[in-house]
Amino acid sequence: MVSAFKPTWMVTNIYDLTPDQLRAHGIKAVMTDLDNTLIAWNNPDGTPELRHWLTMLEMAGIQVIVVSNNSRARVDRAVAPFNLPYVHRALKPLTWGIRRALHRWHLRREEAIMVGDQLLTDVWSAHRSGVRSVLVKPILTSDAWVTKGNRLLEKVVMWRLRHDYPELTWQEDLNERKTH
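Keep in mind that what you see is a predicted model, and the values were worked out from it rather than measured.

Focus: the overall build of the protein chain
Looking only at helices and strands, the protein chain features six helices and six strands. Order of helices (α) and strands (β) in the protein chain, N terminus to C terminus: β-α-β-α-β-α-β-α-β-α-β-α. For the protein chain, the C-alpha radius of gyration of 15 Å lies close to 16 Å, the compact-globule estimate for 180 residues. With the principal axes as the frame, the protein chain shows a C-alpha extent of 40 × 40 × 30 Å. A buried classification covers 50% of the 180 residues belonging to the protein chain. Counted over contacts in the protein chain with a minimum sequence separation of 6, partners at least 24 positions apart contribute 69%.

Topic: the sheet that holds strand β5 (residues 112-116)
Read across the sheet, six strands follow the order β1-β6-β5-β2-β3-β4 without closing on themselves; strand pairing throughout is parallel. The open sheet terminates on both sides in strands that have one partner only, identified here as β1 (9-11) and β4 (86-87). Direction of pairing for strand β3 (residues 63-67) relative to β4: parallel, over a ladder of two bridges. The partner of Val 66 across the bridge, within β4, is Tyr 86.

Here's the deal with the packing of aromatic side chains
Scanning all chains against the criterion turns up two aromatic pairs. Consider the rings of Phe 5 and Trp 124, whose centres lie 4.9 Å apart with planes at 50°: the pair is tilted. One end of the pair, Phe 5, is in the segment before β1; the other, Trp 124, is in helix α5 (residues 119-129), with 119 residues separating them in the sequence. Among the residues examined, Phe 5 registers a relative accessible area of 7% and is labelled buried. Their ring planes at 65° and their centres at 6.1 Å tell us that Tyr 15 and Trp 53 sit as a pair that is edge-to-face. Placement of the pair is Tyr 15 in the loop between β1 and α1 (19-24) and Trp 53 in helix α2 (residues 48-59), with a sequence separation of 38 residues.

What about the pattern of salt bridges?
The tally for this structure, following the rule as stated, stands at nine salt bridges. Its salt-bridge partner being Asp 33, residue Lys 92 comes within 2.9 Å of it at the nearest N-O pair. Residue Lys 92 is located in the loop between β4 and α4 (96-104), and its partner Asp 33 is located in the loop between β2 (29-32) and α2; the two are separated by 59 residues in the primary sequence. Judged by relative accessible area, Lys 92 falls into the buried class, the value being 6%. Among the charged side chains, a network of salt bridges with common partners joins Lys 28, Arg 108, Glu 110 and Glu 111.

With respect to the pairing of β5
Counting buried residues in β5 gives five out of five residues, a clear majority hidden from the surface. The side-chain alternation of β5 yields two buried faces, one formed by Ala 112, Met 114 and Gly 116 and the other by Ile 113 and Val 115. Where β2 meets β5, four bridges bridge the pair, whose relative direction is parallel. Bridge pairing in β5 links Val 30 to Ile 113. Here β5 runs beside strand β6 (residues 132-136); their pairing, made up of four bridges, is parallel. Note that in β6 the partner of Val 115 across the bridge is Val 134. A crossover connection joins β5 to the parallel β6 through α5; in handedness this β-α-β unit is right-handed.

Definitions and limits used
- Residues numbered from 1 in each chain as written.
- Predicted model: local features only at pLDDT ≥ 70, side-chain atom pairs only at ≥ 80, totals over all residues.
- Heavy atoms only, no water.
- Helix = DSSP H or I, 4+ residues; strand = E, 2+ residues; numbered from the N terminus.
- Rg over C-alpha atoms; globule rule 2.2 N^0.38 Å.
- Buried < 20%, exposed > 50% of the residue type's maximum accessible area, 1.4 Å probe, protein only.
- Contact = heavy atoms within 4.5 Å.
- Pairing = 2+ DSSP bridges.
- Phe/Tyr/Trp six-rings, centres within 6.5 Å; stacked < 30°, edge-to-face > 60°.
- Salt bridge = Lys/Arg side-chain N within 4 Å of Asp/Glu carboxyl O.
- Right-handed = clockwise from strand over helix to strand, strands pointing away.

This is the structure:
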């Protein structure tokens, strides 16, 4: 059961995913969670580092799609400055949001990855959708109140994952060891 929560890769930060690494793995689209993955949950303006990363991917022809459980208004306000496509109310850990993004942007599962900071929503929904996943460390150590319960359960799941899969470690990029 715990294997359903095992990410394909564990990378410290979403901005460490480079176009060269993504292309080497056949990735044409990065589906990403919004809060604490792409931007800090309490700062919808993003950072210069985010803008640089988005520009690099755009120049390389790699699409970035936000797949978020947030409302349309919240996601639209957060991604508008970056002109990013999105799926709101994705219902992660259900597969609906990821499947919708794949369908809407005509992507095959093997052409996309799902990046997120939570095992119980982002990684699990990717696994259930047949899409490779990248777990990243949360941008902030604090969370919105709706995420705090998940974080407690996630600590138990991560302990079990590390027990069952000792090779599961944080990496600097996708070129390091794949976790499965």
